[in-house]
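Given next are the chains, with one letter for each unit.
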Amino acid sequence: MGKPIFIVEDERSISDALAYALRSEGFSAQCFETGAAALAAFSKESPDFVILDIGLPDMSGFELCKRLRLTSSVPILFLTARAEEIDRVLGFELGGDDYMTKPFSPRELVARVKAILRRSAQEVSAPAPTSVSRAFVINEETLVVTYRGKPLDLSRYEFRLLSVLVRRPGRVYSREELMDRAWESPEMSLERTVDTHIKTIRAKLRAITPDHDPIVTHRGFGYSLREDA
């Protein structure tokens, strides 16, 4: 059994159901009703995964996610009663890995947890820094992309999206294709989410080369990396 999964949820019936479902699949689970309690536990023990309710009594789940992301890349799955697009996009922008709207099936949530953990394990075990163009180097071990000799500070999904583009310069990817390659559950994501991540990637690239944008927008379709990037 690995490190525990933290469930940060103030509705006891939901957290108990999730803990039972996770333990039935061999996971260890710890439940917290407030963000402060979760942060205190996090300072003592790093979990394998965090299931995080957005509507906590002492702080929003988004705020807690931001605090966790200052020191950790632990996978985070958001839970919320609100299905508005802005919530979903904001969750991914802050570094969330998935998003489920209440009510939901605990079995489906556990399946998603397993999928995200498998993807994370593959990323950690992947070999060898790989030079893929004159400008970009992808290090699969540290999950770092270097652009013109300078490492980029990328979120998990920014890393995945940029890696897809960099490996096939000139190849045009639709937003749907990019979601399929970067998200564990692309059917739960939005095409706008891809646009948001591309925008932040571009800003980080422009900080290094203000007069050159290596990413090409194909309006109405998707994105590609310039062949001369």
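Refer to the structure printed above.
So, here is what we can say about the structure in this document. (Residues numbered from 1 in each chain as written. Predicted model: local features only at pLDDT ≥ 70, side-chain atom pairs only at ≥ 80, totals over all residues. Heavy atoms only, no water.)

### Here's the deal with the pairing of strand E11 (residues 215–218)
Moving on, step 1. Across four bridges, the pairing between E11 and strand E12 (residues 222–225) is antiparallel. The residue bridging Ile215 from the neighbouring strand is Leu225, located in E12.
Moving on, step 2. Here E11 folds back onto E12 in antiparallel fashion, the turn holding three residues, of which Gly220 has a positive phi close to 80 degrees. (Pairing = 2+ DSSP bridges. Helix = DSSP H or I, 4+ residues; strand = E, 2+ residues; numbered from the N terminus.)

### Describing the sheet that holds E12
In a beta sheet, neighbouring strands are held together by backbone hydrogen bonds and run either parallel or antiparallel to one another.
Moving on, step 1. Taken in spatial order, the three strands line up as E10-E12-E11 in an open sheet, and their pairing is antiparallel. With one partner strand each, in any of the chains shown, strand E10 (173–174) and E11 form the two edges of the open sheet.
Moving on, step 2. Its contacts with the sheet put helix H6 (residues 156–167) on E10, E11 and E12, and the angle it makes with E12 is roughly 60 degrees. (Contact = heavy atoms within 4.5 Å. Axes fitted to C-alpha atoms, helices over the stretch in contact; angles between N-to-C directions.)

### Section: the side chain of Arg156
Moving on, step 1. Inspection of the secondary structure assignment puts Arg156 in helix H6.
Moving on, step 2. Judged by relative accessible area, which is 17%, Arg156 ranks as buried.
Moving on, step 3. A polar contact is formed between the side chain of Arg156 and the side chain of Asp97, at a distance of 2.4 Å. (Buried < 20%, exposed > 50% of the residue type's maximum accessible area, 1.4 Å probe, protein only. Polar contact = N/O pair within 3.5 Å; in protein donor to acceptor, adjacent residues only side chain to side chain.)

### Observations regarding the pairing of strand E2 (residues 29–32)
Moving on, step 1. Pairing analysis gives four bridges linking strand E1 (residues 5–8) to E2, with the strands arranged parallel. From the neighbouring strand, Val8 faces E2, where its bridge partner is Phe32.
Moving on, step 2. Handedness of the E1-helix H1 (residues 12–24)-E2 crossover: right-handed. (Right-handed = clockwise from strand over helix to strand, strands pointing away.)

### Here we look at the pattern of salt bridges
Moving on, step 1. Counted according to the given criterion, the structure contains 15 salt bridges.
Moving on, step 2. The salt bridge involving Lys114 is made with Glu25; its shortest N-O contact spans 2.7 Å. Of this pair, Lys114 sits in helix H5 (residues 106–125) while Glu25 sits in the loop between H1 and E2, and the two are 89 residues apart along the sequence.
Moving on, step 3. Taking relative accessible area as the criterion, Glu25 reaches 43% and is therefore assigned partly exposed.
Moving on, step 4. In this structure, Glu63 and Arg67 form a salt bridge, with 3.2 Å as the shortest nitrogen-oxygen distance. With Glu63 and Arg67 both in helix H3 (residues 61–69), this residue pair falls four residues apart, about one helical turn.
Moving on, step 5. Overlapping salt bridges, with partners in common, bring together Glu9, Glu11, Asp53 and Lys102 in one network. (Salt bridge = Lys/Arg side-chain N within 4 Å of Asp/Glu carboxyl O.)

### A short note on the packing of aromatic side chains
Remark: the centre distance and the inter-plane angle together describe each pair of aromatic rings, the angle taken between the planes.
Moving on, step 1. On inspection of all chains with the given rule, the structure shows four aromatic pairs.
Moving on, step 2. A centroid spacing of 4.8 Å and a plane angle of 65 degrees characterise the contact between Phe6 and Phe32, whose relative ring orientation is edge-to-face. On the criterion of sequence distance, the pair formed by Phe6 in strand E1 and Phe32 in strand E2 is long-range, its members being 26 residues apart. Considered together, Phe6 and Phe32 belong to a single accessibility category, that of buried residues.
Moving on, step 3. Between Phe6 and Phe42, the aromatic rings sit 6.3 Å apart at their centres with planes inclined by 80 degrees, giving edge-to-face as the arrangement. A residue pair is termed long-range when its members are at least 10 positions apart, and Phe6 in strand E1 and Phe42 in helix H2 (residues 35–42) qualify at 36 residues. (Phe/Tyr/Trp six-rings, centres within 6.5 Å; stacked < 30°, edge-to-face > 60°.)

### Focus: the packing of H6 against helix H7 (residues 175–182)
Moving on, step 1. As a packed pair, H6 and H7 sit with axes 9 Å apart at the nearest point and diverge in direction by 120 degrees. As the angle between them shows, H6 and H7 are arranged oblique. Judged by the twist between their axes, the crossing of H6 over H7 is right-handed. Here Tyr157, Arg160, Leu161, Val164 and Leu165 of H6 lie close against H7, whose contacting residues are Leu178, Arg181 and Ala182. (Parallel < 35°, antiparallel > 145°, perpendicular 65-115°, else oblique. Left-handed = near helix turned anticlockwise from the far one by under 90°.)

### Comments concerning H6
Moving on, step 1. Over its 12 residues, H6 extends 17 Å from the first C-alpha to the last, a length consistent with the 16 Å expected when each residue adds 1.5 Å.
Moving on, step 2. Burial analysis of H6 places 11 of its 12 residues in the buried class, which makes it a mostly covered element.
Moving on, step 3. Those residues of H6 that fall on the buried side of the exposure criterion are Arg156, Tyr157, Glu158, Phe159, Arg160, Leu161, Leu162, Ser163, Val164, Leu165 and Val166. (Expected span 1.5 Å × (residues − 1).)

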